[in-house]
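Structure at a glance
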Amino acid sequence: MFSKVFGKPKQETNPLATLEKLNETLEMLEKKEKVLLRKAAAEIERAKEFTRAKNKRAAIQCLKRKRLYEQQVEQLGNFQLRIHDQMIMLEGSKATTETVAALRTGAAAMKAMQKATNIDDVDKTMDEINEQTENMKQIQEALSAPIGSAADFDEDELEAELEELEGSELEEQLLQPATTVLSPPLSAPEGKIRPPVRPAPRKNTAEEDELAALQAEMAL
């Protein structure tokens, strides 16, 4: 009773099934078109035969049937064009529907992820990371601090002692005797060759004598 009043419920259309049905219809129309083309070609051949037989009336009838076949072929061509157009639109609509469905799924996934990730939880996690980083920094500073007697050393006193050593080293360098500069040889009289002047041998210091004696003992 309700079906008579309100009509039958509409069945949901499946895009894939619809495309398959349209494709089958298109193949059927193409087959009919080929049959009609063969029939039209056959009528032309029969009209030629009747023309050779001087049967003008029969030849004209063949041409009329050929025209009818050609009209049907043209009509089938229009049907095929409409089906092609509908298939293209359906494929485009299918792609649009799938794209919208994919975007809707992505939006739902992002919404679920945002619910799972609360901004308060993110702030709390960052605070914990900063706290752990600060604790680790304090631990490293504690481990690198000097302990025992080394902790009692005064850095200022060490720097002053270093400057005093550098000053004494510079003073010793300044007090060392300068290297004797050899004067150029005087020109000898003509016909006489002046022997080369050899520098006077340098006397070893006490430290060098002690080092040589120690090396001699070690060699023994």
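The paragraphs below set out a description of the structure included in this document. Throughout, residues of each chain are indexed from 1 in the direction in which the sequence is written. Since the coordinates come from a predicted model, pLDDT governs what is reported: local features require at least 70, and pairs of side-chain atoms require 80 or more to be given and counted, while whole-chain, interface and lining totals use all residues. Working from all heavy atoms in the structure, the side-chain values ignore hydrogens and water.

Concerning the overall build of the protein
Looking only at helices and strands, the protein features six helices and zero strands. Counted from the first residue to the last, the protein has its helices and strands arranged as α-α-α-α-α-α. Buried positions account for 8% of the 220 residues belonging to the protein. We call two residues in contact when some of their heavy atoms are within 4.5 Å. Counting only contacts in the protein whose residues sit at least 6 apart along the sequence, the fraction spanning at least 24 positions is 68%. Summing over all exposed atoms, the protein offers an accessible surface of approximately 20500 Å²; the carbon and sulfur share of this is 57%. Put simply, DSSP marks the helices as runs of H or I at least four residues long and the strands as runs of E at least two long, and each gets a number from the N terminus on. Each residue's exposure class comes from its accessible area (1.4 Å probe, protein chains only) as a fraction of the maximum for that residue type: buried when under 20%, exposed when over 50%, partly exposed otherwise. Per-residue and other accessible areas follow the Shrake-Rupley method at a 1.4 Å probe size, with only the shown protein chains counted as cover for residues.

Side note on the pattern of salt bridges
Basic side-chain nitrogens of Lys or Arg form a salt bridge, by our definition, when they fall within 4 Å of a carboxyl oxygen of Asp or Glu. Summed over the entire model, instances satisfying the criterion amount to four salt bridges. Where Arg65 meets Glu43, a salt bridge forms, and the shortest distance between an N and an O atom there is 3.2 Å. Residue Arg65 is found in helix H3 (residues 56–116), and its partner Glu43 is found in helix H2 (residues 15–52); the two are separated by 22 residues along the sequence. The partner of Lys66 in a salt bridge is Glu70, and the shortest N-O contact between them spans 3.3 Å.

Observations concerning the packing of H2 against H3
Running from amino to carboxyl end, H2 crosses H3 at an angle of 165°, the nearest separation of the two axes being 8 Å. One element, H2, and the other, H3, form an angle in the roughly antiparallel class. At the point where H2 passes H3, the crossing takes the left-handed sense. Only Asp, Glu, Lys and Arg are considered charged, only Ala, Val, Leu, Ile, Met, Phe, Trp, Tyr, Cys and Pro nonpolar, and every remaining residue, Gly among them, polar. Grouping the constituent residues of the contact of H2 with H3 by class yields 23 nonpolar, eight polar and ten charged. For helices, the axis comes from a line fit to the C-alpha atoms of the stretch in contact; other axes are also lines fit to C-alpha atoms, and the angle between any two N-to-C directions lies between 0 and 180 degrees. The cut-offs work like this: below 35 degrees is roughly parallel, past 145 is roughly antiparallel, 65 to 115 is roughly perpendicular, and the gaps in between are oblique. Here is the rule for handedness: rotate from the far helix to the near one, and if that takes an anticlockwise turn smaller than a right angle the crossing is left-handed, while a clockwise turn gives right-handed.

Side note on the side chain of Glu43
By relative accessible area, which is 7% here, Glu43 ends up buried. Those residues within four positions of Glu43 in sequence are excluded, and the remaining contacts are Cys62, Arg65, Lys66 and Tyr69.

Looking at unusual backbone geometry
Positive phi, close to 65°, is recorded for Lys54, a residue that is not glycine. Inspection of the secondary structure puts Lys54 in the loop between H2 and H3.

A few points about the nonpolar core
Buried Ala, Val, Leu, Ile, Met, Phe, Trp, Tyr and Cys residues form a nonpolar core when they are joined through side-chain atoms within 4.5 Å. One finds Leu19, Leu22, Leu26, Leu29, Leu36, Ala40, Tyr69, Val73, Leu76, Ile83 and Met87 forming the largest nonpolar core, which totals eleven residues. Elements with a minimum of two residues in this core: H2 and H3. If one sorts the elements of this core by residue count, H2 sits on top with six residues. Dropping the residues within four chain positions of it, Leu26 is found in contact with Gln80, Ile83, His84 and Met87.

Quick word on a nonpolar patch on the surface
Patch rule: a residue counts if its relative accessible area is over 30% and it has no salt bridge; like charges are joined within 9 Å, and nonpolar side chains (Val, Leu, Ile, Met, Phe, Trp, Tyr) within 5 Å. A grouping of Ile119, Val122, Met126 and Ile129 is seen on the molecular surface, where their side chains present a nonpolar patch of about 350 Å² in accessible area. Take Met126: it is sitting in helix H4 (residues 119–144).

Let's talk about the side chain of Gln80
Here Gln80 is to be found in helix H3. Given the relative accessible area of 11%, Gln80 is considered buried.

Digging into the environment of Phe50
Of note, Phe50 is situated in helix H2. Sequence separation of Phe50 and Ile60 is ten residues, and the distance between their C-alpha atoms is 8.9 Å. Sequence-distant contacts of Phe50, defined by excluding residues within four places in its chain, comprise Asn55, Ala58, Ala59 and Cys62.

Everything listed is a geometric property; what it means functionally is a separate question.
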